Amino acid sequence: MKRGTAIGGAILLIGLWADAASAQTLKTVKDRGALLCGVSQGLPGFSNPDDKGNWTGLDVDFCRAIAAAIFNDPSKVKFTPLSAKDRFTSLQSSAIDVLSRNSTWTSSRDTSLGLNFAAVTYYDGQGLMVRKTAKLNSALELNGASICAQTGTTSELNLADYFRANNMKYDVTAFATADETVKAYEAGRCDAFTTDVSQLYSEKLKLANANDHVILPEIISKEPLGPVVRHGDDQWFDIVKWVHFAMVNAEELGVSSKTVDASLKSNQPEIRRLVGVEGAYGEQLGLTKDWVVRIVKHVGNYGEVFERNVGSGSKLGISRGLNRLWTKGGIQYAPPIR
Amino acid sequence: MPAAPRVAWYNNPKLRGTAYQLAILAALLWFGYLFALNAKANLEAQKIASGFGFLDHTAGFGINQTLIDYHEADTYGRVFLVGLLNTLLVSGLGILFATILGFVIGIARLSPNWLVARLAGGYVELIRNLPLLFQILFWYLAVLSTLPGPRQSLSLFGQIFLSNRGVVLPRPVPGENFLYVACAFALGALGAFALAFWARRRQACTGQPFALLWPSAALIVGLPLAIFFLAGAPLALDQPRLQGFNFVGGLRLIPEFAALLIALVTYTAAFIAEIVRAGILAVPRGQTEAAAALGLRRGRILRFIVLPQALRVIIPPLTNQYLNLTKNSSLAVAIGYPDLVAVFAGTTLNQTGQAIEIIAITMAVYLAISLATSLLMNWYNARIRLVER
């Protein structure tokens, strides 16, 4: 769209006057009084505005956790909806402080874009959704099909790889936004729609007849989704990374939004370090002593955030799966706070 | 007469003017160089990849309409070519059809038939007042939602199929001797041009008209057709067959292309219609009245008297509309048509992150296309200009 050209022009101008990236993001955020968070344009469960403009979702709660850690107020966040096309250029140009938009961590994005992936908040994979009337049981039966995908995503690339690897023919129609992609799929333009499985569940909710569609069992790629920050600011990188690890550690140690006040009086050394009664781990990050208490009280631990937004407490009903704690058979593992 | 007073070289106004202009030009170039250096330094500081080496990297994604061979393992450079050809295709066909439709509607609006004139007027007022993006989306969604799926496609003679995956036609596969047919067509076209040239010269000299239609048709159509049958009809047809999900074989026009073309053509034709009407109204009424007094019919008045004079007024704004159409084709990304902006400044930009280089290349390409179009139109304009003393 012409918007791409407009943003490209803006990048040209901003790139000419931007400072070399400095370790100033935390100071800038504190001075501004609000965190600028880049999110999606409406993905239920991850980042979705309701009709009054209040944002909810897993990615939204992550940004609120950062804001809670810095300001002790989870509402001090300004959300910027971004499409898959302009999400990285917005972050590169400092229009946002952190990108929390279900973005897949890949080597080329980590290196050639000048960005750092701070953590994996959701281990996902790519899948395909088809109509039940097609009577398909497996993605391997899709030879010759038309597939709808979103442009500029790993979904486009993984789709090409999968069909190439299995010697199948296909033709892809790529749209600029997820909404247009789903609309085209619903209108019958394509036989299948492909994106991350969590997004498939989420988009299925928006379809007119959700029960007419089925998600095929094949997971055709690894999609570790997480928040992204700019190169060159190690302190900010550490803060964003450790906000996620704090939430995972809190769940592991049994500290939830309901029990966090009681845990301040705990005798267990791990919990005492987590909530800041012992040690100066918050100050080492540039935050306050009670940074984890702020996060868990205002937003919750990882498990609470998951269940509330995409799990059993939500309309998506996705099971924890790989996103369980390592102690419960999943791969969410946080280094210790000590 | 005394000689002009000698002036020191540094007071010579001409020399001074040239020096100032050179200094400003040098300053502008230096400024531009500084900009580029600054951008490069900032990109390096942020460890964002820069340079044009990405054009040799593997693309890894598919494109659903390619006029040249394209495979997922091809480079971003090839993606650029595919996008460019798609843009040129939709722009070229758009310009052609928009001109034809625009002229028809513009002349229709001046028709003495009340209904025809009002219908044309209504068309122009409706179409040119709606944003183009909405019109593109309308045609795309209207086209998509009314057409059936591939398994229930509408078919014509069992050869041409229409579904929401697009129009599928049998693809002509030229045989061995098709080269002779192609040569015959080229010769026939040249012959028709030569004939027209000769006929015009003869009419200028002797005043005798020459009916060009049938001899030209014989040359352009008849000659190749004759060679075709003599060579044993060397043309096979690759029939499309429904196999699994889609049609296999044949030539396919995707619905995105059709919707974009229809939207661009109808939109630009509304503007061209008004330009044509303005051009025709600019020709003095005396010309029409004199021609009518000579007994010429309305169609002939238009063709021989009014339009040649009107074209002088029409060509410059018409160039504008052609450039607008070419640039408006970049809205293709809204409906998933793989033009230059969609695959190169969209997908490639997002995959490589090299926004500055890619946007610069895309802008340079559009600039080149637009400059070429306006050069051509300016040459034509100069050719039909009134030659004054």
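Procedures and definitions
Residues numbered from 1 in each chain as written. Chains lettered and ligands numbered in written order. Predicted model: local features only at pLDDT ≥ 70, side-chain atom pairs only at ≥ 80, totals over all residues. Helix = DSSP H or I, 4+ residues; strand = E, 2+ residues; numbered from the N terminus. Rg over C-alpha atoms; globule rule 2.2 N^0.38 Å. Buried ≥ 20, exposed ≤ 12 C-beta atoms within 10 Å, placed from the backbone. Contact = placed C-beta atoms within 7 Å. Core = buried A, V, L, I, M, F, W, Y, C linked by C-beta atoms within 7 Å. Domains from an automatic or database assignment. pLDDT = per-residue confidence, 0-100. Pairing = 2+ DSSP bridges. Axes fitted to C-alpha atoms, helices over the stretch in contact; angles between N-to-C directions. Expected span 1.5 Å × (residues − 1). Nonpolar A, V, L, I, M, F, W, Y, C, P; charged D, E, K, R; others polar. Parallel < 35°, antiparallel > 145°, perpendicular 65-115°, else oblique. Left-handed = near helix turned anticlockwise from the far one by under 90°.

Undergrad: Sorry, what's going on with the overall build of chain B here?
TA: Regarding its fold elements, chain B presents 11 helices and eight strands. Taking 2.2 N^0.38 as the reference for a compact globule, 389 residues should give roughly 21 Å; the C-alpha atoms of chain B span a radius of gyration of 28 Å, well beyond that estimate. Once the C-alpha set of chain B is aligned to its principal axes, its extents read approximately 85 × 70 × 50 Å.

Undergrad: Looking at this structure, I do not really get the overall build of chain A. What am I missing?
TA: Secondary structure summary: chain A contains 14 helices and 12 strands in total. In terms of overall dimensions, chain A has C-alpha extents of about 60 × 50 × 40 Å along its principal axes. A total of 338 residues make up chain A; the buried ones form 54% of that total. For chain A, contacts bridging at least 24 residues in sequence account for 73% of all contacts bridging at least 6.

Undergrad: Explain the nonpolar core to me, please; I cannot follow it from the model alone.
TA: Across soluble globular proteins, nonpolar side chains have a tendency to be buried as a group. Residues A:Ile66, A:Val243, A:Ile295 and B:Leu260 are the most contacted members of the largest nonpolar core, which totals 160 residues. By residue number, the principal contributor to this core is helix H7 (residues 255-282) of chain B, which donates 16 residues. Setting aside anything within four residues of it in sequence, one finds A:Val243 in contact with A:Ala65, A:Ile66, A:Ala69 and A:Ile295.

Undergrad: Sorry if this is basic, but what is going on with the domain arrangement of chain B here?
TA: When the parts of a complex come together, some accessible area is lost, and that lost area is often taken as the interface size. Domain assignment breaks chain B into domain 1 (76-161 + 252-383) and domain 2 (171-238). Placing a centre on the C-alpha atoms of domain 1 of chain B and another on those of domain 2 of chain B gives a separation of 29 Å.

Undergrad: I would appreciate a short explanation of the confidence of the model for chain B in the present structure.
TA: Scored by pLDDT, chain B comes out at a mean of 89, with 98% of its residues at no less than 70. Scoring of the predicted complex yields 0.80 for pTM and 0.75 for ipTM.

Undergrad: Is there a simple way to explain the sheet that holds strand S2 (residues 160-163) of chain B in this structure?
TA: Hydrogen bonds between backbone atoms are what pair the strands of a sheet, whose relative direction is either parallel or antiparallel. All names here are of chain B. One open sheet accounts for four strands, arranged S1-S2-S3-S8; its pairing is antiparallel. Each end of this open sheet is capped by a strand with a single partner; those strands are strand S1 (154-156) and strand S8 (251-253). Strand-to-strand twist of the sheet, defined as the mean angle between neighbouring strand axes without regard to direction, takes the value 15°. Bridge count for S1 against S2 is three bridges, and the pairing is antiparallel. Looking at the pairing, serine 155 lines up with phenylalanine 161 of S2.

Undergrad: I tried to follow helix H9 (residues 298-328) of chain B on my own but got confused; where do I start?
TA: The periodicity of an α-helix, 3.6 residues per turn, causes residues three or four places apart in sequence to face the same way. All names here are of chain B. A rise of 1.5 Å per residue sets the reference length of H9, with its 31 residues, at 45 Å; its end C-alpha atoms lie only 36 Å apart and thus fall more than 12% short of the reference. Along H9, the residues classified as buried are Val306, Ala310, Ile314, Leu318, Gln321, Tyr322, Leu325, Thr326 and Asn328. Elements in contact with the buried residues of H9: helix H2 (76-109), helix H4 (132-146), H7, helix H8 (285-293) and helix H11 (355-384).

Undergrad: Is there a simple way to think about the interface of chain A and chain B in this case?
TA: At the junction of the two partners, chain A supplies 44 residues and chain B supplies 43 residues. Split into classes, the residues belonging to the side of chain A that touches chain B amount to 19 nonpolar, 17 polar and eight charged.

Undergrad: Please clarify how H7(B) should be interpreted in this entry.
TA: The terminal C-alpha atoms of H7(B) lie 40 Å apart, and with 28 residues this matches the ideal 40 Å at 1.5 Å per residue to within 8%. Within H7(B), 23 of the 28 residues are buried, leaving the element largely enclosed by the surrounding structure.

Undergrad: Is there a simple way to think about the packing of H7(B) against H9(B) in this case?
TA: Geometry of a packed helix pair, given as the angle between the helix axes and the separation of the axes. Residues and elements named next belong to chain B. Their axes nearest at 8 Å, the elements H7 and H9 cross at an angle of 155°. Viewed along their axes, H7 and H9 adopt a mutual orientation that is roughly antiparallel. As H7 runs across H9, the sense of the crossing is right-handed. Mapping the contact onto sequence places Leu264, Thr268, Phe271, Ile272, Ile275, Val276, Ala278, Gly279, Ile280 and Ala282 in H7 and Val306, Ala310, Leu311, Val313, Ile314, Pro317, Leu318, Gln321, Asn324, Leu325 and Asn328 in H9. The class makeup of the residues in the contact of H7 with H9 is 16 nonpolar, five polar and no charged.

Undergrad: Looking at this structure, how should I read the pairing of strand S7 (residues 122-131) of chain A?
TA: For a regular strand, side-chain orientation follows a simple rule: the groups alternate between the two sheet faces. Residues and elements named next belong to chain A. S7 sits mainly inside the fold: seven of its 10 residues count as buried. Pairing analysis gives five bridges linking S7 to strand S10 (residues 192-196), with the strands arranged antiparallel. Note on S10: the bridge partner recorded for valine 130 is alanine 192.

Undergrad: Can you help me understand unusual backbone geometry in this one?
TA: Residues and elements named next belong to chain A. At asparagine 72, a residue that is not glycine, the phi angle is positive and equals roughly 60°. Following the sequence through the fold, asparagine 72 ends up in the loop between helix H3 (58-71) and strand S4 (77-81). You can call asparagine 72 partly exposed: it has 16 C-beta atoms within 10 Å. Backbone geometry at asparagine 167 places phi at a positive 55°, although glycine is not the residue there. Note that asparagine 167 resides in the loop between helix H6 (154-165) and strand S9 (170-175).

Undergrad: Help me out: how do you make sense of the confidence of the model for chain A in this one?
TA: In low-pLDDT segments, the atomic positions of the prediction should not be examined closely. Here chain A averages 89 in pLDDT, and 93% of its residues register 70 or above. In the predicted structure, residues 15-21 of chain A sits below a pLDDT of 50 and forms 17 contacts with residues beyond four places in sequence or in another chain.

Undergrad: Could you clarify how one ought to interpret the pairing of strand S3 (residues 166-169) of chain B in this entry?
TA: Residue and element names in this part refer to chain B. Pairing of S2 with S3 involves three bridges; the strand directions are antiparallel. In the sheet register, serine 163 faces S3, and the bridge partner there is glycine 166. Following S2, the chain reverses through two residues before pairing antiparallel with S3. Relative to S8, S3 runs antiparallel, the two sharing three bridges. Within S8, the position partnered with valine 168 by the bridge is arginine 252.

Undergrad: Sorry if this is basic, but what is going on with the packing of helix H9 (residues 234-252) of chain A against helix H14 (residues 302-309) of chain A here?
TA: Residues and elements named next belong to chain A. Two numbers describe how H9 lies on H14: the axes approach to 7 Å, and their chain directions differ by 95°. Relative to H14, the element H9 lies roughly perpendicular. Taking contact as the criterion, the partners of Met247, Val248 and Glu251 in H9 are, on H14, Tyr302, Gly303 and Val305. For the contact of H9 with H14, the class distribution of residues is four nonpolar, one polar and one charged.

Undergrad: Would you mind going over the environment of A:Thr106 with me for this structure?
TA: You can see A:Thr106 is positioned in the loop between strand S5 (98-104) and helix H5 (107-111). Look at A:Thr106 and you get partly exposed, because 16 C-beta atoms sit within 10 Å.

Undergrad: Whenever I open this one, the environment of B:Arg277 confuses me. Can you help?
TA: By the element assignment, B:Arg277 lies in helix H7. Not counting residues within four places of it along the chain, the set of residues in contact with B:Arg277 comprises B:Gly106, B:Arg109 and B:Leu110.

Undergrad: Explanation requested: the environment of A:Ala67 in the structure shown.
TA: Turning to its location among the elements, A:Ala67 is positioned in helix H3. When the C-alpha atoms of A:Ala67 and A:Arg131 are compared, they prove to be 41 Å apart, with 64 residues separating the residues in sequence.

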